[in-house]
Amino acid sequence: EAICIAQILPRARSLVEFCPLAREAYLAFYSGYRASSIAALIPAIEGSLTRIVPDADLAIPDRINRVTAPAIENAARLHFEHMWTPREYLTVDYLFGQDERVFFLETFRRWLQSSFFCRTGDYAGVTWLNRHLFAHAASSSWQQSANFARLVVALATLGVVESWHDRSNRVSLFFPGMNEDSTLLWQQALFQAEMQLVLKTIQEKRYHEHGRLVP
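A short tour of the structure in this document, coming up.

## A closer look at the overall build of the chain
For step 1, the next point in the chain: When you go through the chain residue by residue, the secondary structure sums to nine helices and zero strands.
For step 2, the next point in the chain: Along its sequence from the N terminus, the chain presents helices and strands in the succession α-α-α-α-α-α-α-α-α.
For step 3, the next point in the chain: In terms of overall dimensions, the chain has a C-alpha envelope of 75 × 45 × 30 Å along the principal axes.
For step 4, the next point in the chain: When the 215 residues of the chain are sorted by exposure, 39% land in the buried category.
For step 5, the next point in the chain: Taking contacts inside the chain between residues at least 6 apart in sequence as the whole, the part at least 24 apart equals 59%.
For step 6, the next point in the chain: Surface summary for the chain: the accessible area is close to 12,200 Å², and the carbon and sulfur share equals 55%.
For step 7, the next point in the chain: If you average the places of the 21 positive and of the 22 negative side-chain charges in the chain, the two averages end up 4 Å apart.

## Observations regarding the nonpolar core
For step 1, the next point in the chain: Among the nonpolar cores identified, the biggest contains 54 residues, and Y26, L41, I45, F148 and L151 are the most heavily contacted of them.
For step 2, the next point in the chain: Taken together, the elements giving at least two residues each to this core come down to α1 (2-8), α2 (19-29), α3 (34-52), α4 (60-79), α6 (100-116), α8 (146-165) and α9 (180-209).
For step 3, the next point in the chain: When residues of this core are assigned to their parent elements, the largest contribution, 10 residues, is made by α8.
For step 4, the next point in the chain: Once residues within four sequence positions are removed from consideration, I45 is found in contact with L112, F116, F117, L151, A154, L155 and L158.

## With respect to the pattern of salt bridges
Pairing is possible between side chains of opposite charge, provided their charged atoms come close.
For step 1, the next point in the chain: For the coordinates displayed, the defined rule picks out five salt bridges.
For step 2, the next point in the chain: In this structure, E17 engages R51 in a salt bridge whose closest nitrogen and oxygen atoms are separated by 3.1 Å. Of this pair, E17 sits in the loop between α1 and α2 while R51 sits in helix α3, and the two are 34 residues apart along the sequence.
For step 3, the next point in the chain: By relative accessible area, which is 30% here, R51 ends up partly exposed.
For step 4, the next point in the chain: Across the pair R109 and E106 runs a salt bridge, and its minimum N-O distance is 2.5 Å. With R109 and E106 both in helix α6 and three residues apart, this pair spans about one turn of that helix. Comparing R109 with E106, the two get one shared label, buried.
For step 5, the next point in the chain: Bridged by salt links that share partners, the residues E106, R109 and R110 form one connected network.

## Description of the packing of aromatic side chains
For step 1, the next point in the chain: Summed over the entire model, instances satisfying the criterion amount to 10 aromatic pairs.
For step 2, the next point in the chain: Residues F108 and W111 carry aromatic rings whose centres are separated by 5.8 Å and whose planes lie at 25 degrees to one another, so their mutual orientation is stacked. Residue F108 and its partner W111 are both found in helix α6; the two are separated by three residues, about one turn of the helix.
For step 3, the next point in the chain: Residue F108 is classed as buried on the basis of its relative accessible area, which comes to 9%.
For step 4, the next point in the chain: Taken together, Y26, F29, Y30 and F148 form an aromatic cluster joined through their ring pairs.
For step 5, the next point in the chain: Directly above the aromatic system of F29 lies the positively charged group of R34, at a separation of 5.1 Å from the ring centroid.
For step 6, the next point in the chain: Over the ring of F96 we find R110; its NZ or CZ atom is 4.5 Å from the centre of that ring.

## Overview of the environment of A156
For step 1, the next point in the chain: Mapping A156 onto the fold places it in helix α8.
For step 2, the next point in the chain: Ignoring anything within four residues of it in the chain, the contact list for A156 reads C4, I8 and L9.

## Re the state of the cysteines
For step 1, the next point in the chain: In this structure the tally under the stated criterion is zero disulfides.
For step 2, the next point in the chain: Of all cysteine sulfurs, the one in C19 lies closest to C4, which takes part in no disulfide; the gap is 11 Å.
For step 3, the next point in the chain: With a relative accessible area of 5%, C4 lands in the buried category.

## Remarks on the environment of I38
For step 1, the next point in the chain: Relative to the helices and strands, I38 resides in helix α3.
For step 2, the next point in the chain: You can call I38 buried: its relative accessible area is 0%.

## Here we look at unusual backbone geometry
For step 1, the next point in the chain: Here E81, not a glycine, exhibits a phi torsion of approximately 55 degrees, which is positive.
For step 2, the next point in the chain: A positive phi is found at R167, a non-glycine position, where the angle reads about 60 degrees.
For step 3, the next point in the chain: The topology assignment puts R167 in the loop between α8 and α9.
For step 4, the next point in the chain: Overall, the relative accessible area of 49% leaves R167 in the partly exposed class.

Parameters at a glance
- Residues numbered from 1 in each chain as written.
- Predicted model: local features only at pLDDT ≥ 70, side-chain atom pairs only at ≥ 80, totals over all residues.
- Heavy atoms only, no water.
- Helix = DSSP H or I, 4+ residues; strand = E, 2+ residues; numbered from the N terminus.
- Buried < 20%, exposed > 50% of the residue type's maximum accessible area, 1.4 Å probe, protein only.
- Contact = heavy atoms within 4.5 Å.
- Areas by Shrake-Rupley, 256 points an atom, 1.4 Å probe, with all protein chains shown as cover.
- Lys, Arg positive; Asp, Glu negative; His and termini not counted.
- Charge placed at Lys NZ, Arg CZ, Asp CG, Glu CD.
- Core = buried A, V, L, I, M, F, W, Y, C linked by side-chain atoms within 4.5 Å.
- Salt bridge = Lys/Arg side-chain N within 4 Å of Asp/Glu carboxyl O.
- Phe/Tyr/Trp six-rings, centres within 6.5 Å; stacked < 30°, edge-to-face > 60°.
- Lys NZ or Arg CZ within 6 Å of the ring centre and 35° of its normal.
- Disulfide = S-S within 2.5 Å.

As structure tokens, then:
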């Protein structure tokens with residue numbers, strides 16, 4: 001998570017504006033404010049897509065396709081080393097099981113369309129990480145802690161998709177090693193968690209003095 005936030009997000013044009021928010025959400029999450037941290041990052045997915053393809057008239061499904069289609073085509077062309085290739089061999093149907101880059105990009109596209117942005121009544125996932133369930137308060141199950149990690153990874157993945165969309169190669173498919181920036185951020189989160197443990201212990205003692213449990 002620290003590597004994604006400190007090293008990957010700042011390299012993506014569509015995500016750089018969200019870097020301070022992502023850092024704050026990360027530190028807040030390990031300070032005990034988990035639901036708030038998840039809620040802060042959910043809108044950033046749509047914000048990133050809008051920055052990659054800023055056409056205001058596009059519906060979300062069309063915007064997702066406009067973002068991912070050039071990225072997938074770029075990966076397909078690279079699969080055949082940019083040689084002339086019949087169109088039927090450049091399709092997702094043909095390359096989905098043969099090229100791991102096409103598999104990765106198409107899988108992420110399907111997740112965005114069939115899970116994260118699908119209509120509230122059509123959602124059939126198990127994580128409850130759905131933009132409409134969150135935005136319309138149709139369920140509170142999106143608050144499960146694992147969704148914070150999923151959102152951080154999804155944002156980092158959008159950075160990769162953007163890089164393949166515009167062929168900027170700013171964000172690599174290979175996950176980087178931890179540098180000093182992400183190390184310091186990770187250590188900061190550990191410190192926040194340790195301080196939160198002390199604070200929770202004090203709070204618990206005060207509630208117990210009144211014969212009550214901490215909410």
